[in-house]
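If you want the building blocks of each chain, they are given just below.
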Amino acid sequence: MIENNILGVVLAGGRSKRFGDDKTTAKLGNKSLLDHTIEKIEKKFDEILIVSNNEKHDSIKKNVFSTKDLIEGHLGPLVGVLSAMEWIKKHKKNYNWMATFPCDTPFFDENLVDKIMNCPKNSSKKLFFLKSGNRRHNIFGLWSLELKDILLKDINKGHRKVEEWANKVGSEIIEINDENDYNFLNINTREDLETAKKKIK
């Protein structure tokens with residue numbers, strides 16, 4: 001992959017229903033959850049796009065942009081992915097790929113960004129995901145912009161789950177050795193946030 005041909009995308013458009021309010025602004029240490037993710041990926045990408053329905057995320061930094069979900073209703077990560085693809089098209093950006101990261105998994109190793117960006121160059125696949133053990137991490141992915149039209153069509157048909165859609169179109173796995181049990185700690189609740197705070201200490 002050509003590094004500057006990949007847009008870094010943070011998916012932050014969820015409702016945070018189990019958390020109670022917008023968890024992207026929740027503080028972990030002296031930074032928000034969103035800031036933790038941006039800090040880990042910003043050195044790797046010329047530009048970063050946040051897909052969020054929170055207007056507070058607009059214009060955080062000069063190379064960090066924000067867009068809302070293309071379809072209202074908090075319909076899941078696939079809509080966020082499509083929204084990023086449409087943003088690339090609308091703004092005539094010269095990206096053929098985009099790498100996606102969750103906004104609520106603050107402990108992932110920065111080396112995983114390189115794993116995603118340096119996926120097999122001889123593969124015919126248009127979609128790649130990290131996998132550790134028996135678990136595929138469907139938000140840590142690399143997506144070809146060639147998938148945009150079929151993704152739009154399938155979303156309009158009612159597809160919502162990344163797992164099912166990825167199985168439909170076909171994806172390739174990037175195997176990793178996940179020695180840290182909290183590498184993929186996902187913060188969905190206030191209790192999860194308290195657990196994360198203990199990890200920082």
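Right above here is the structure, for reference.
Everything numeric in this text was worked out from a predicted model, so none of it was measured. (Residues numbered from 1 in each chain as written. Predicted model: local features only at pLDDT ≥ 70, side-chain atom pairs only at ≥ 80, totals over all residues. Heavy atoms only, no water.)

S.K.: Mind laying out the environment of Trp165, listing which residues take part and the relevant values?
M.R.: Counting through the fold element by element, Trp165 comes out in helix H5 (residues 162–169). Owing to a relative accessible area of 0%, Trp165 belongs among the buried residues under this scheme. Ignoring sequence-local partners within four residues, the contact set of Trp165 consists of Leu78, Leu127, Trp143, Leu147, Ile150, Leu151, Asp154 and His159. (Helix = DSSP H or I, 4+ residues; strand = E, 2+ residues; numbered from the N terminus. Buried < 20%, exposed > 50% of the residue type's maximum accessible area, 1.4 Å probe, protein only. Contact = heavy atoms within 4.5 Å.)

S.K.: Now, about the pattern of salt bridges: what can you tell me, with residues and values included?
M.R.: Within the structure shown, the criterion is met by nine salt bridges. Salt-bridge contacts for Asp149 lead to Lys148; the nearest nitrogen and oxygen are separated by 3.5 Å. In this structure Lys148 comes out as buried when scored by relative accessible area, which is 11%. Between Lys168 and Asp154 there is a salt bridge, and its shortest N-O distance comes to 2.9 Å. A residue pair is termed long-range when its members are at least 10 positions apart, and Lys168 in helix H5 and Asp154 in helix H4 (residues 148–156) qualify at 14 residues. Judged by its relative accessible area of 44%, Lys168 falls in the partly exposed class. Here the salt bridges do not stand alone but share partners, grouping Glu86, Lys148 and Asp149 into one network. (Salt bridge = Lys/Arg side-chain N within 4 Å of Asp/Glu carboxyl O.)

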